[in-house]
Amino acid sequence: MTDSQAAPLRVAGIVRVLVVDDSAYVRKMMTQMLTRSPFVEVVGTSRDGREALDMAAELGPDVITCDLNMPEMDGVGFVRAQMARHPVPIVIISVANPSGEQVLAALEAGAVDFLQKPTALATDRLLDVADELVAKVKAAAGAQMWRVAEAKAQGAPVKARPLGPLANTRADILLIGISTGGPQALKLLIPQFPANFPIPVAMVLHMPVGYTELYASKLNEMSQLQVKEAAAGDVLTAGHAYLAPAGRHLSFRKMGARVHAHLDVRPLDTPHRPAVDVMFQSAADVFGGRVLGVVMTGMGSDGREGSAWIKARGGQIITEAEQSCVVYGMPRSVVEAGLSDKTATLETMFDVILDCL
């Protein structure tokens, strides 16, 4: 048995969603939250992954939201099975588990995004969660699933690219801002960097609190760069990559000849914390024109204002090309503002970065 009705006729501009969760209460609340938007329609609900596979084949939803902890077939198993059958944008909606392994496994399997569900949906945060949920579902509807499937199919480990000594560089720091589709993209890009990369790398990836440390550790395992979650006071060092911790902005402070990482919850009025804009602006203030910023796949416009600061100080901006983005939102905002110096696909990004050093 299912909670679904017969599949409605498709209406242009309407995102058709299948909700998968083992709790009837959560299915009801998710449906109410999603249908607050006139552009979202819940076409069916399912109580576990096995049932959802059949419903997805029957209903052909544009997006699936999925819990992680379910009987019969859990969320990770469902994502793997659905991607093998027919890639569909899947947004994981789940209470965080202690280790975070399940969330990263779901993203590795092909889920395009994740939203942390409050332990009780009937809380003061309900409206905030609803707005974020609708935004993520609408962004997921535009995801290029062939890109996700292609990234997932990359079976062989990515090898570091050899890099000879560079006499001079035009940049003293490389910044990367990324969101939806980012976990998969960074796992293809960062391992290409050799251990002797001549400048430090700092990254903002929009993730919920509790996952950036584990993700940085996994990137470190597959990379020659020393990758870590940034900590307050870290001295920025060539050959190292620093991932901003979820929930705090990453900025920079110069002390003598050294530049240190600084973490803060302020500013409080940004759509994301950490924000790409905050990191980019701080780097422009500290490093002047010797900043190379990269804006990659993700929804929204985080990175646009920061790119303007970098350009105003004489730095350079690279944007990821639309054809390789899972969601071409953040790079589009930079390109349309006339702030992009070069565009590169994910496959050519490392070469273009080297060209700009």
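Keep in mind that this is a model prediction, so the values were computed, not measured.

Points about the packing of aromatic side chains
1) Next: Scanning all chains against the criterion turns up 4 aromatic pairs.
2) Next: For the pair Phe-252 and Phe-287, a centre-to-centre distance of 6.2 Å together with 70° between the ring planes defines the contact as edge-to-face. Of this pair, Phe-252 sits in strand E10 (residues 249-255) while Phe-287 is found in helix H9 (residues 276-287), placing the two residues 35 residues apart along the sequence.
3) Next: Counting every residue linked through ring pairs, the aromatic cluster contains Phe-193, Phe-197 and Phe-350.

Some remarks on the sheet that holds strand E13 (residues 316-320)
Picture the strands of a sheet paired through backbone hydrogen bonds; they go either parallel or antiparallel.
1) Next: The parallel open sheet is built from 7 strands, whose spatial order is E8-E9-E7-E6-E12-E13-E14. In this open sheet, the two strands that pair with only one neighbour each are strand E8 (226-229) and strand E14 (342-344). Neighbour to neighbour, the strand axes of the sheet diverge by 20° on average, direction disregarded.
2) Next: Along the sheet face, H9 touches strand E6 (173-178), strand E7 (201-205), strand E12 (291-295) and E13 and points at about 165° away from the line of E6.
3) Next: Strands in contact with helix H12 (residues 349-356) are E6, E12, E13 and E14; relative to E13, the strand with the most contacts, it is inclined by about 170°.

Focus: the side chain of Ser-282
1) Next: With respect to the helices and strands, Ser-282 occurs in helix H9.
2) Next: Residue classification places Ser-282 among the buried residues on the basis of a relative accessible area of 11%.
3) Next: Other than its neighbours up to four places away in sequence, Ser-282 contacts Ser-251, Phe-252 and Arg-253.

What to know about the nonpolar core
1) Next: If you look at the biggest cluster of nonpolar residues, it comprises 91 residues, and the most contacted ones within it are Leu-174, Ile-176, Phe-193, Phe-197 and Met-203.
2) Next: Ranked by the residues each element gives to this core, the list is headed by helix H5 (residues 126-141), at 7 residues.
3) Next: Each residue touching Met-203, except ones within four places of it in the same chain, is listed here: Ile-176, Leu-186, Ile-190, Leu-219, Val-227, Ala-241, Tyr-242, Leu-243, Ala-244, Leu-250 and Met-279.
4) Next: Formed by 26 residues, the second largest nonpolar core is a distinct cluster that contains Ala-230, Val-259, Val-276 and Ala-283.

Comments concerning the environment of Cys-325
1) Next: You can see Cys-325 is positioned in the loop between E13 and helix H11 (330-336).
2) Next: Counting along the chain gives 181 residues from Cys-325 to Gln-144, while the straight-line C-alpha distance between them is 7.2 Å.

A short note on the pattern of salt bridges
1) Next: Counted under the stated rule, the structure contains 14 salt bridges.
2) Next: Where Arg-290 meets Asp-172, a salt bridge forms, and the shortest distance between an N and an O atom there is 2.8 Å. Placement of Arg-290 in the loop between H9 and E12 and of Asp-172 in the loop between helix H6 (145-152) and E6 is noted, with a sequence separation of 118 residues between them.
3) Next: Owing to a relative accessible area of 33%, Arg-290 belongs among the partly exposed residues under this scheme.
4) Next: Overall, Asp-172 belongs to the partly exposed group, its relative accessible area being 30%.
5) Next: Here the salt bridges share partners, and the residues they tie into one network are Glu-322, Arg-332 and Glu-336.

So, the pairing of E10
1) Next: Relative to strand E11 (residues 258-264), E10 is paired through 7 bridges, and the arrangement is antiparallel. Across the sheet, His-249 pairs through a bridge with Asp-264, a residue of E11.
2) Next: Adjacent in sequence and paired antiparallel, E10 and E11 are bridged by 2 residues, among which Gly-256 carries a positive phi angle near 65°.

Definitions and cut-offs
Residues numbered from 1 in each chain as written. Predicted model: local features only at pLDDT ≥ 70, side-chain atom pairs only at ≥ 80, totals over all residues. Heavy atoms only, no water. Phe/Tyr/Trp six-rings, centres within 6.5 Å; stacked < 30°, edge-to-face > 60°. Helix = DSSP H or I, 4+ residues; strand = E, 2+ residues; numbered from the N terminus. Pairing = 2+ DSSP bridges. Axes fitted to C-alpha atoms, helices over the stretch in contact; angles between N-to-C directions. Contact = heavy atoms within 4.5 Å. Buried < 20%, exposed > 50% of the residue type's maximum accessible area, 1.4 Å probe, protein only. Core = buried A, V, L, I, M, F, W, Y, C linked by side-chain atoms within 4.5 Å. Salt bridge = Lys/Arg side-chain N within 4 Å of Asp/Glu carboxyl O.

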